[in-house]
Amino acid sequence: MIKSKLTTRSILIHLLFWACLLALPILLGPSSQSTDPAEMQRHFQWNLFFFVFGLANIPIFYINTEVLIPKVLKKYNILLYLGFLVLGFFIMVWLNDIIFDLLFPNREVGPRRGGGGMKRFTYLRIIFQYLFIIAIGISYRFLSDNLHEQEAKKEEENERLKSELSFLRSQISPHFMFNVLNSIVSLSRRKPESVEPVIIKLSELMRYMIYETIDSKVAISKEDNYLESYIELQRLRFGTDIQINYESNSTNPSGTIEPMLLIPFVENAFKHGVGMVTNPTISIRLIDTPEALTFEVTNQVSKHVTEHKDESSGIGLTNVRRRLELLYPETHTLDIMEEDGTYRVALMIKHV
């Protein structure tokens, strides 16, 4: 059974429904224009009868929606459920007789001056009102259960996506460290004097990764600074061996982005855009406007496959593709092209 969530809004809706239902017979019933005290008394008793009998429908409604449907109809069978409904009908008839006899002991209830005729008339109203309450209760319960099931599925899906995103984000730091440590090892062999400033720059990057990426979103300006620090680290590593062009322009000071979302593209460019490439050039462009974020990375690649790819190769791009699908399913476009020795990544994320 899916438990109903009693919120302030739902309580108010229920109160409004019962207020309208209890007032409906009085509003639609005949009005008395007589000034005769006895006639006015009978009219008051008649309205009071419908009001009191209407109150008896409230427990019937909630017994049906909270007990009979979830515990009898859904767990056992419809015949047992119908049996309880028939029993409930006779209980309503019994309550009708009790209320009728209490309010009209002398049977002087209408123009016919006979309690039997009006009493039989109330039985017809019982049938209609009982079936109406049961139908409303069934519709309410199945609609409510369906909505709660959809909410539960949506919440479960959101939790699954959060867990997957958390796992994907947890992969970034080890992958990043793997690439940077490989760079430091290579640098220690070629330029030992540059190792110290590279390690200092690496500590700055790690500080951002540890303390600034806790939130689900960070300012694009922070991500921009992180990219600049990473590029500066690569400049220390490669010196004048490669040409690095970085352009950044923002007219959207309030822009935010998932942290560490852009760095895999830059890492990939430095991993595959150097080595056997002649006159390597890496160009990075970050443009942020109130409408959209545009990010482009271009690098040259060798036409000859000479690099042996380890098991971690490609994790970054696979990771970021999945994160984009989860975070910006309808608002991003990602184009990755390789043509004439040039590898180009173009990412666009619309701000909504």
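Treat the numbers as computed from the prediction; the structure is a model and nothing was measured. Along each chain, residues carry numbers from 1 onward, in the same order as the chain's sequence is written. Selection of residues for local features in this predicted model requires a pLDDT of at least 70, selection of side-chain atom pairs for listing and counting requires 80 or more, and totals for whole chains, interfaces and linings are taken over all residues. Side-chain metrics in this entry use all non-hydrogen atoms of the structure; hydrogen atoms and water are not considered.

A. Here's a closer look at the overall build of the protein chain. By definition, any uninterrupted DSSP run of H or I lasting at least four residues is a helix, any uninterrupted run of E lasting at least two residues is a strand, and each is numbered from the N terminus. Looking only at helices and strands, the protein chain features eight helices and seven strands. Classification of residues uses two cut-offs on accessible area relative to the type maximum, computed with a 1.4 Å probe and protein chains only: under 20% is buried, over 50% is exposed, and between them is partly exposed. Taken across its 352 residues, the protein chain has 39% of its residues classed as buried. Sequence separation of 24 or more characterises 75% of the internal contacts of the protein chain that already satisfy a separation of 6 or more. For the accessible areas, the method is Shrake-Rupley and the probe is 1.4 Å, while residue cover comes only from the protein chains on display. Total accessible area computed for the protein chain in this model is approximately 20,800 Å², and 61% of it derives from carbon and sulfur atoms. We call two residues in contact when some of their heavy atoms are within 4.5 Å.

B. How the structure looks around the nonpolar core. I257, F265, V266 and F295 are the most contacted members of the largest nonpolar core, which has 45 residues in total. Counting only elements with at least two residues in this core, the list comes to α4 (115–190), α5 (195–211), α6 (220–238), α7 (263–272), β4 (281–288), β5 (292–300), α8 (315–327) and β7 (342–350). Ignoring anything within four residues of it in the chain, the contact list for F265 reads F295, V297, L317, V320, L334, V345 and L347. Among buried residues, the Ala, Val, Leu, Ile, Met, Phe, Trp, Tyr and Cys ones that are joined through side-chain atoms within 4.5 Å form a nonpolar core.

C. Molecular detail of the environment of G275. Topologically, G275 is positioned in the loop between α7 and β4. With 27 residues separating them in the primary sequence, G275 and S302 have C-alpha atoms 8.3 Å apart.

D. Structural detail: α6. Expected helix span is given by 1.5 Å per residue-to-residue step, counting one fewer step than there are residues. Between its first and last C-alpha atoms α6 spans 27 Å; for 19 residues at 1.5 Å apiece the expected length is 27 Å, and the two agree. Within the span of α6, buried status applies to I220, E223, D224, Y226, L227, S229, Y230, I231, L233, Q234, R237 and F238.

E. Structural context of a nonpolar patch on the surface. Each patch is assembled from residues with relative accessible area greater than 30% and no salt bridge, linking like charges that lie within 9 Å and nonpolar side chains (Val, Leu, Ile, Met, Phe, Trp, Tyr) that lie within 5 Å. Criterion for a salt bridge: a side-chain nitrogen of Lys or Arg within 4 Å of a carboxyl oxygen of Asp or Glu. Taken together, the side chains of Y76, L80, F84, L87, I91, W94, I98 and L102 make up a nonpolar region of the molecular surface, amounting to roughly 830 Å² of accessible area. Inspection of the secondary structure assignment puts L80 in helix α3 (residues 78–103).

F. Region of the structure containing the pairing of β4. Where strand β2 (residues 243–250) meets β4, eight bridges bridge the pair, whose relative direction is parallel. The residue of β4 that forms the bridge with S248 is L286. Pairing geometry for β4 and β5, over seven bridges, is antiparallel. Paired with I284 across the bridge in β5 is V297. Should DSSP find at least two bridges between two strands, the strands are taken to pair. Hairpin connection from β4 to β5: three residues lie between these consecutive antiparallel strands.

G. Examining the pairing of β5 more closely. Of the strand pairs in this sheet, β5 and β7 are connected by nine bridges, and their pairing is antiparallel. Residue pairing across strands places T298 opposite R344, the latter belonging to β7.

H. Representation of the packing of α5 against α6 in the model. Angles run from 0 to 180 degrees between N-to-C directions of axes, and those axes are lines fitted to C-alpha atoms, restricted for helices to the stretch in contact. It is the contact of α5 with α6, at a shortest axis distance of 9 Å, that shows an interaxial angle of 160°. Considering their axes alone, α5 and α6 lie roughly antiparallel with respect to each other. The handedness of the crossing between α5 and α6 is left-handed. Listed contacts from α6 to P197, V198, K201, L202, L205, Y208 and M209 of α5 are K222, E223, Y226, S229, Y230, E232, L233 and L236. Residues are sorted three ways: Asp, Glu, Lys and Arg are charged, Ala, Val, Leu, Ile, Met, Phe, Trp, Tyr, Cys and Pro are nonpolar, and all the rest, Gly among them, are polar. For the contact of α5 with α6, the residue count by class is ten nonpolar, one polar and four charged. Each angle is binned into one of four classes, with values under 35 degrees roughly parallel, values over 145 roughly antiparallel, values of 65 to 115 roughly perpendicular, and all other values oblique. Left-handed describes a crossing whose near helix is turned anticlockwise from the far helix by less than a right angle; the clockwise case is right-handed.

I. Main features of the pattern of salt bridges. In this structure the tally under the stated criterion is nine salt bridges. Taking the shortest distance from any N to any O, the salt bridge between R344 and E296 comes out at 3.3 Å. Taken as a pair, R344 in strand β7 and E296 in strand β5 lie far apart in primary sequence, 48 residues in all. A residue is classified by how much of its surface remains accessible, and R344, at 29% relative accessible area, is partly exposed.

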